[in-house]
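# Examining the three-dimensional arrangement
What follows is the residue order along each chain.
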Amino acid sequence: MLLHVDFLPLRDAEPDAAASAEYDAWLQRIESALEDPDVDRERFCFEILRDIYFPQYAGQALDEVPAAVRLPLLALDPRNITLEPEQYAEIDVEKYGRVKPLLWLWQMFDKSILGQNVHLGVRFRRILARHIFKRCGKNFKCFHFAEFSFGYNMEVGDDIVVHRHVLLDDRGGIELGDRVSIADYANIYSHTHSIVDQRDVSNAKTVLEEDVRITYHATVLAGVCVGRNAMVGAAAVATRDVRPFHVNVGVPAKSVRVKPSAPPEASGTTTVDSLRHSS
Ligand SMILES: CC(C)(COP(=O)(O)OP(=O)(O)OC[C@H]1O[C@@H](n2cnc3c(N)ncnc32)[C@H](O)[C@@H]1OP(=O)(O)O)[C@@H](O)C(=O)NCCC(=O)NCCS
């Protein structure tokens, strides 16, 4: 039985002032470095990670550190690792080269002792997102363990919230309208495979229009448009477009209701296109 509470606004949960000052200075350093075109991003991201994981080896040559540490130290450097999207044939190598160090920094920050710290992590990811995404609006808020494919095919509006463990496969592009919310463990895909030959891959941009909510563990397949103010229920799989203001649940996801806040034209047989721009 659910306990119903009318409205639960978020509390401010600020850390201790001294810690907060340290966090601010660290974030400022990262922001300045990323805005400086002369900074070597690969080197910079490696140094940030080395300082998180192995600060005692700063400034030491590889052959001076204990043998057991050499491999993990090497692997913190984005130049020494490969990530799955690098194997995709359609990758734009130049664009990916610019964002790869930041994607690696993002992932390894999340897995580190700093990664579960909401106060620090949300602001850290917001800085990185602005340098990774094709477009990133204001107040991007992302919790830990979100994952991207290329990152550079993400187009993100204002006031977006991405919760824990969300997969944003932007291979074919993902567009998120203002105020979209994606709940824990949801998956948004933009590529698919032929049922005959799995090497035959098709990319299709997936669009979540403004005020859409994708709830826990739901999946949205490649090329689907979830219309404005629509909702995809927990664990649903959206295989087709979701009409604006509709609540779709199940596998495959079907409309079970229209939100009471919907304009009159949102019910029944209305198409996504005709509602997309109605007020
Ligand atoms: C989609 C959802 C919001 C629907 O809530 P609702 O409008 O109150 O709908 P109801 O609970 O009245 O359900 C309507 C019907 O759909 C079914 N249904 C609801 N959610 C379902 C789901 N996720 N999967 C399958 N069926 C579902 C109900 O069993 C009910 O079927 P019935 O009429 O045969 O009994 C809700 O079920 C859900 O998935 N919530 C996820 C939690 C959430 O809000 N997350 C947001 C985090 S940011």
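Note that the structure is a prediction, hence the values are computed from the model and not measured.

So, on to the sheet that holds strand β8 (residues 181–182). Reading across the sheet, the seven strands line up as β2-β5-β8-β13-β16-β18-β19 and stay open at both edges, with mixed pairing between neighbours. The open sheet is flanked by β2 (141–142) and β19 (254–258), the only strands paired with a single partner. Pairing of strand β16 (residues 231–232) with strand β18 (residues 246–249), which is carried by two bridges, proceeds in the parallel orientation. Bridging across to β18, Val 232 finds its partner in Asn 248.

Before going further, it helps to examine the environment of Asp 211. By secondary structure assignment, the location of Asp 211 is in the loop between β12 (206–208) and β13 (213–214). For Asp 211, a count of 19 C-beta atoms within 10 Å corresponds to the partly exposed category. Sequence separation of Asp 211 and Ala 230 is 19 residues, and the distance between their C-alpha atoms is 7.3 Å. Asp 211 has contacts with Arg 179, Arg 228 and Asn 229, leaving out every residue within four places of it along the chain.

Quick look at the domain arrangement of the protein now. The assigned domain composition of the protein is domain 1 (21–136) and domain 2 (145–271). Computed from C-alpha coordinates alone, the two centres of domain 1 and domain 2 are separated by 29 Å. Listed by partner, the interface residues are 14 residues for domain 1 and 12 residues for domain 2. Considering every element that reaches the side of domain 1 that touches domain 2, the biggest residue donor is helix α4 (residues 93–110), with five residues. A per-class count over the side of domain 1 that touches domain 2 returns nine nonpolar, no polar and five charged.

How each quantity is defined
- The residue numbering used here restarts from 1 in each chain and proceeds along that chain's sequence as written.
- Note on the predicted model: pLDDT of at least 70 is required for a residue's local features to be given, and 80 or more for side-chain atom pairs to be given and counted; whole-chain, interface and lining totals, by contrast, use all residues.
- A pair of strands is labelled paired if DSSP reports no fewer than 2 bridges between them.
- A run of DSSP states H or I qualifies as a helix once it reaches four residues; a run of E qualifies as a strand once it reaches two. Both are numbered from the N-terminal end.
- With C-beta atoms placed from the backbone, a residue is labelled by how many other C-beta atoms lie within 10 Å of its own: buried for 20 or more, exposed for 12 or fewer, partly exposed between the two.
- By definition, residues are in contact whenever their C-beta atoms, placed on the basis of the backbone, come within 7 Å of each other.
- A domain assignment, automatic or from a database, supplies the domain bounds used here.
- All amino acids are sorted into three groups, where Ala, Val, Leu, Ile, Met, Phe, Trp, Tyr, Cys and Pro are nonpolar, Asp, Glu, Lys and Arg are charged, and the leftover types, Gly among them, are polar.

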